[in-house]
Amino acid sequence: MHLTWHDADGVARAVAFRAGQSVAAALTSAGIREMRATRRGLDGEGRGLFCGMGVCQDCLVELDGTPNTRACMAKATPGLVVRHQPFPGVARLPAGPVPIPDDTPPPAPEAVDLLVLGGGAAGLSAAIAARRCGLDVLVVEERAALGGQYYKQPSPGLDAPPLDAQHAQGAALAAQAESSGARILRGAELWGAFEPDRIAVFDGARTRLLAPRALIVASGAYERPHVVPGWTLPGVMTTGAAQTLWRSHRVLPGRRVLVAGNGPLNMQVACELAEGGATLVAVAEAAPGPATRLKDAIAMAVADPALATKGARYLAMLARRHVPLRHGTVLTRIARSPDGALRVTLRGAWGEGVHETDAVLLGYGFLPSQETLRALGAECVFDAARGQFVPRRDDAMMTSVPGLYAIGDCAGLGGAPAAREEGVIAALAAAERLGRTVPAAIAAEGDAARRRLARHRRFQAALWRLFAAPRTGLALADPGTVVCRCEEVTKGEIDAALADGAPPLGEVKRRTRCGMGRCQGRYCAPLLAEHLAETQGRPLDDRALFAPRAPVKPIAIADIVALAETP
């Protein structure tokens, strides 16, 4: 099967792809890195795949004449015409008068006992447990495949067997959720969270208003930005994006790959790509070697021997393949070499070195995706040790808003095993709150989930002590380094906006447009908030962030007004 790609010069070429692959996967497999132009395009700066999960909005292309389509979320189909998107991406308006909406009242909100936002480890576990308590459950998942970022399932339609036990576990969990009787809405995007019982989602055809009696948010996390010169170049992507390419689409991000960051995911992805045929140029880990933190390594092994053994296998595999693993090393700069390769500078106690590669994978930790929680009024606090905002929760996973629960990585990055236990606990608590009697056997499972959760949290605490490393923030950025990827605001422009005093975050946003782009500040806002806190001596609380607003992700006005249409 083929689609047609038109590059920035309008030159067309046929691109082969496999059934089920995304447009981004098809283009990457064909060696196409740059997908759109930017305002700085006169300097040769384009953009390509970065987050791979629909958050950053950088892989925008024109599909069959429709601009501003995320290549990572769009399915490749035979005969599809994909064009490199110029700047700005402006929709072609239809000829003739624009129809005026009539006065037809919108449909009544759809009632449901429990709405679960997110179809990953946490959300699916919650749905299964809630159904066992007799609740009417609706799961809303943005992607076509269930399983979330941890279980990353093969894209629907891709004829590929599971890669490993992790894949198989995710498939089993998804199958259990589907057979539980929970209604599952795939490919649906939440765009408005107005009240816990007033949620707006676009299902691909129309906007639906949902009125849940209880709401569980299991929206996961996205990767923390690592802002250095060159981090916006095509071919630079998150570790998670590269893992999605491989695990979901069987596409390598490049033949030569360099991985840099902080945390165990980087080693796992490096091993997976090496097994898939990629050459690993190097793996740069910001934390010191595990031998310096033996106590934490032992604590991990005691809390979860299986996971600790899995990590040890990754280290052994890298050593067996002679992949250079440099601890205490940070990526400081990326540039384009004359032959089109990426030239990467690494710095550590051992010195400084430059490597050439096809793809650079950045994995410097994660940030909880809690925009929906904040929009609904859930109180969030800053966790200084991890450098992230997390919602306050009680032992039942309920936030400060009655009937609103937060589980999984959106509530503090506890890992998939912990997320599954939190899902069970929150679902049982929601059932009791809604007046359902939880059978004794199911209540006992809730007690067991709490015990397992305590063990998983001990493992995670030891894991993050083992991988503790300084956060660089904006320290490695030079004045010309882009901080806000969407609006292309540089470090120099931010410094100029701060030069005449101590403006608050909102004022910096108005002066520079930092945070006004399509991703709505998901990447730049935490960086900017921490930067202002450090330079101005301000506390970091949830008031230090941009105020959440609808739509929480870009949506066409036509899709919003489709609210009035009935199915």
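As a starting point, this report considers the structure included with it.

What counts, and at which threshold
Residues numbered from 1 in each chain as written. Predicted model: local features only at pLDDT ≥ 70, side-chain atom pairs only at ≥ 80, totals over all residues. Heavy atoms only, no water. Helix = DSSP H or I, 4+ residues; strand = E, 2+ residues; numbered from the N terminus. Buried < 20%, exposed > 50% of the residue type's maximum accessible area, 1.4 Å probe, protein only. Contact = heavy atoms within 4.5 Å. Patch = residues over 30% accessible without salt bridge, like charges linked within 9 Å, V, L, I, M, F, W, Y side chains within 5 Å. Areas by Shrake-Rupley, 256 points an atom, 1.4 Å probe, with all protein chains shown as cover. Salt bridge = Lys/Arg side-chain N within 4 Å of Asp/Glu carboxyl O. Pairing = 2+ DSSP bridges. Axes fitted to C-alpha atoms, helices over the stretch in contact; angles between N-to-C directions.

1. Describing the side chain of Q153
Tracing the chain through its elements places Q153 in the loop between α3 (148-151) and α4 (165-179). According to the relative accessible area criterion, Q153 is buried, its value standing at 12%. Other than its neighbours up to four places away in sequence, Q153 contacts A145, L146, H167, G170, A171, R247 and S248.

2. Remarks on a nonpolar patch on the surface
On the surface, a nonpolar cluster with roughly 310 Å² of combined accessible area is contributed by L294, I298 and V302. Considering the arrangement of structural elements, one finds V302 in helix α7 (residues 294-303). When its relative accessible area of 64% is taken as the criterion, V302 is described as exposed.

3. What to know about the sheet that holds strand β5 (residues 60-63)
Where strands meet in a sheet, backbone hydrogen bonds hold them as pairs that are either parallel or antiparallel. Reading across from one edge, β2-β1-β7-β5-β6 is the order of the 5 strands in this open sheet, with mixed pairing throughout. The sheet is open, and its two edges are formed by β2 (12-16) and β6 (66-70), each paired on a single side. Across the sheet, the axes of successive neighbouring strands diverge by a mean angle of 35°, strand direction being ignored. Note that β5 and strand β7 (residues 81-84) share 3 bridges and pair antiparallel. Note on β7: the bridge partner recorded for L63 is V82.

4. A look at the pattern of salt bridges
Following the criterion strictly, the structure yields 36 salt bridges and no others. Here R247 and D164 are joined by a salt bridge, their closest N and O atoms 2.8 Å apart. Residue R247 is found in helix α5 (residues 239-249), and its partner D164 is found in the loop between α3 and α4; the two are separated by 83 residues along the sequence. Of the charged contacts, one joins E422 and R457 as a salt bridge, the two residues approaching to 2.9 Å between their closest N and O atoms. Highlighted residues: E422 in helix α10 (residues 416-433) and R457 in helix α11 (residues 440-466), separated in sequence by 35 residues. Take E422: its relative accessible area is 5%, and that puts it in the buried class. By sharing partners, the salt bridges in this structure join R36, R47, D58 and R485 into a single network.

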